[in-house]
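Close look at the chain arrangement
Okay, here's what each chain looks like letter by letter:
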Amino acid sequence: MKKFGFLVFVPVFVVSFIAADFAHSQVHTLTAGSGSVLPGGNVDIGISLSNDEAARGFSLGVAHSGSDLTLISIGPGQETAGANGGTGPDFEFVNLTPSEGPGGTYACILSTAAPLEEIPVGTDNEIASFTYSCASAAAPGSSTTLSFSSILGTPDVQTVISVVSGGNSLSRVPATVSGSVSVATPPVSGLSCVLSDPCLCDFSLSWVNGMTYDSIEILDGTGAVIQTLGGTATTALV
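Residues numbered from 1 in each chain as written. Predicted model: local features only at pLDDT ≥ 70, side-chain atom pairs only at ≥ 80, totals over all residues. Heavy atoms only, no water.

When helices and strands are counted, the protein shows two helices and 18 strands. Residues classed as buried in the protein amount to 42% of the 238 residues present. Taken as a whole, the protein presents about 11200 Å² of accessible surface, with 53% of it coming from carbon and sulfur. (Helix = DSSP H or I, 4+ residues; strand = E, 2+ residues; numbered from the N terminus. Buried < 20%, exposed > 50% of the residue type's maximum accessible area, 1.4 Å probe, protein only. Areas by Shrake-Rupley, 256 points an atom, 1.4 Å probe, with all protein chains shown as cover.)

What follows is about the confidence of the model for the protein. Interpreting fine coordinate detail is not advised for predicted regions of low pLDDT. Within the protein, residue pLDDT values average 89, and 89% of them lie at 70 or more. Residue range residues 6-21 is modelled with pLDDT below 50. Its contacts to residues more than four positions away, or to other chains, number 57 contacts. (pLDDT = per-residue confidence, 0-100. Contact = heavy atoms within 4.5 Å.)

This part is about the pairing of strand β11 (residues 160-165). The pairing of strand β5 (residues 57-63) with β11 spans three bridges and is classified as antiparallel. Bridge pairing in β11 links Phe 58 to Ile 161. The turn linking β11 back onto strand β12 (residues 168-177) is made up of two residues, and Gly 166 within it adopts a positive phi angle of 60 degrees. (Pairing = 2+ DSSP bridges.)

This part covers the pairing of β12. Summarising the sheet, β11 and β12 pair through five bridges and their orientation is antiparallel. Across the sheet, Val 164 pairs through a bridge with Ser 169, a residue of β12.

Right, let's talk about the sheet that holds strand β15 (residues 202-208) for a bit. With respect to topology, three strands assemble into an open sheet ordered β14-β15-β18, the strand pairing being antiparallel. Every other strand in the sheet has two partners, leaving β14 (189-197) and β18 (235-237) as the edge strands with one partner each. Averaged over all pairs of adjacent strands, the angle between strand axes in this sheet comes to 15 degrees, irrespective of strand direction. Relative to β15, β14 runs antiparallel, the two sharing six bridges. Counterpart to Ser 192 in the pairing with β15 is Ser 206. (Axes fitted to C-alpha atoms, helices over the stretch in contact; angles between N-to-C directions.)

Our focus in this paragraph is the pattern of salt bridges. Going through the model one piece at a time under the given rule, you end up with two salt bridges. One salt bridge in this structure joins Glu 53 and Arg 172, with 2.9 Å as the shortest N-O distance. Pair noted here: Glu 53 is in the loop between β4 (42-51) and β5 and Arg 172 is in strand β12, with a separation of 119 residues, a long-range link. For the pair Glu 53 and Arg 172, one class covers both residues: buried. Among the salt bridges present, the one from Glu 118 reaches Arg 56, with a minimum N-O distance of 3.0 Å. Of this pair, Glu 118 sits in the loop between β8 (103-109) and β9 (122-134) while Arg 56 sits in the loop between β4 and β5, placing them 62 residues apart in sequence. Under the relative-accessibility criterion, Arg 56 is labelled partly exposed at 27%. (Salt bridge = Lys/Arg side-chain N within 4 Å of Asp/Glu carboxyl O.)

Listed below in structure tokens is the structure:
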């Protein structure tokens, strides 16, 4: 339902990660963020890692379906961008159009020479940022799921976390939590409120619609609906 309301106050990469043994573990969790975007706009979605072991790198894939979103860039997140004194990871691999998409793959090694940097133990360490553009024809209210995938690319890019445990290099298989991008409803603009009759306390409202809505609601200062108009209305008397 496309409805707008406003208040009126009347007065490894590529195959596996660093040739290491794979180990399933629940001490690492990858989470894709969620966000909203207006049709024709862009949105940044962070990928975060909650980890009980320090990590020296990772590889991952994030897939989506449908035609509303187009992946336009992938880069390091806040945690990985700060590696090496703020110069970022020593090695990065990015693919915006992998086979088996749509989606994208990203991998990085924080440092390739001593002293080796690590993503510290923590919760919600942002390790990557995916930027999507939204089609101008996308329907407000619709939503696209962002899911981790280990089948994107040729060969497949695995979603794994690289750690060192007991002197051995291991690629941990993390738990994953999907995210989403929802399409927001364009708001009205240019709202004008003019006192038209001081005796009756009548106010004339006018605005410009961002799209054709199903309906337009006018609310008072308490949030109660005082008028419901057609989706093409651009004026009202309250």
